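Observations on chain architecture
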Amino acid sequence: MLLMAGTCACARAPVSRDVEALAALRVEAIRPPMPPAPRAMRVERPVTTGLRLDVMPDGARVFVDGRAMGLARHLGTLLPLSPGVHQVSVRLEGHATWRAEVMVGDRPEPIQVTLTAAP
């Protein structure tokens, strides 16, 4: 809206120059409509649970649910897994295979494995 000093075209009457009258006049800004809120997206949280493996000898291979995870020494301090029951096995040639069904909760599960030499 454009106001010209002195007259208002719509009313054809002079516009008051009185400071109090101008202070009483409120012109509200027209705001553009807000864009629609984005749909809730599922945010993947980083996995903070899994297994804390301590394996001897550390050259053994670790398998979880039938998948090779790598050498124990390369897995780091936490093997990230989703909560639930997992089949874990640790293998090294010339040693007995270690197997267990492990329940992973919302905190890392510590597992200590010492492989024994096969007869």
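Described below are features of the structure shown in this document. (Residues numbered from 1 in each chain as written. Predicted model: local features only at pLDDT ≥ 70, side-chain atom pairs only at ≥ 80, totals over all residues. Heavy atoms only, no water.)

**A short note on the pattern of salt bridges**
One pass over the structure, following the stated rule, counts one salt bridge. Asp 58 is the salt-bridge partner of Arg 73, the closest N and O atoms lying 3.9 Å from each other. Within this pair, whereas Arg 73 is found in the loop between strand E5 (67-71) and strand E6 (79-80), its partner Asp 58 is found in the loop between strand E3 (50-56) and strand E4 (61-64), the two being separated by 15 residues in sequence. (Salt bridge = Lys/Arg side-chain N within 4 Å of Asp/Glu carboxyl O. Helix = DSSP H or I, 4+ residues; strand = E, 2+ residues; numbered from the N terminus.)

**Here's the deal with the sheet that holds E6**
Here we have three strands laid out as an open sheet, ordered E6-E3-E9, and mixed in their pairing. Strands with a single pairing partner mark the edges of an open sheet, and in this sheet they are E6 and strand E9 (109-114). Sheet topology places E3 next to E6; two bridges connect them, and they run antiparallel. Across the sheet, Leu 51 pairs through a bridge with Leu 79, a residue of E6. (Pairing = 2+ DSSP bridges.)

**Comments concerning the sheet that holds strand E8 (residues 98-104)**
In a beta sheet, neighbouring strands pair by backbone hydrogen bonds and run either parallel or antiparallel. Read across the open sheet, the four strands follow the order E5-E4-E7-E8; overall the sheet is antiparallel. Each of the sheet's edge strands pairs with one partner strand only, and the pair in question is E5 and E8. When strand polarity is set aside, the average angle formed by the axes of neighbouring strands in this sheet is 25°. (Axes fitted to C-alpha atoms, helices over the stretch in contact; angles between N-to-C directions.)

**Remarks on the side chain of His 86**
Mapped onto the elements, His 86 comes out in strand E7 (residues 84-91). A relative accessible area of 8% means that His 86 is categorised as buried. Within polar-contact distance, the side chain of His 86 engages the side chain of Asp 65 at 2.7 Å. Among the polar contacts listed, one links the side chain of His 86 to the backbone oxygen of Ser 82, at a separation of 2.8 Å. For His 86, the residues in contact, after removing those within four places along its chain, are Val 64, Asp 65, Leu 81, Ala 100, Glu 101, Val 102 and Val 104. (Buried < 20%, exposed > 50% of the residue type's maximum accessible area, 1.4 Å probe, protein only. Polar contact = N/O pair within 3.5 Å; in protein donor to acceptor, adjacent residues only side chain to side chain. Contact = heavy atoms within 4.5 Å.)

**Brief notes about unusual backbone geometry**
The residue after Met 56, namely Pro 57, is reached through a cis peptide bond having omega -10°. For Pro 57, the location among the structural elements is in the loop between E3 and E4. Its identity as a non-glycine residue notwithstanding, Asp 65 has a phi of 50°, on the positive side. On the secondary structure map, Asp 65 appears in the loop between E4 and E5. For Asp 65, a relative accessible area of 42% gives the class partly exposed.

**Things to note about the nonpolar core**
Formed by 17 residues in total, the largest nonpolar core has its most connected members in Leu 51, Leu 53, Val 55, Val 62, Leu 79 and Val 90. Listing elements by their share of this core, those giving two or more residues are E3, E4, E7, E8 and E9. In terms of residue count, E3 provides more of this core than any other element does, three residues in total. Setting aside residues no more than four positions away along its own chain, Val 90 makes contact with Val 55, Ala 60, Arg 61, Val 62, Ala 96, Thr 97, Trp 98, Val 113 and Leu 115. (Core = buried A, V, L, I, M, F, W, Y, C linked by side-chain atoms within 4.5 Å.)

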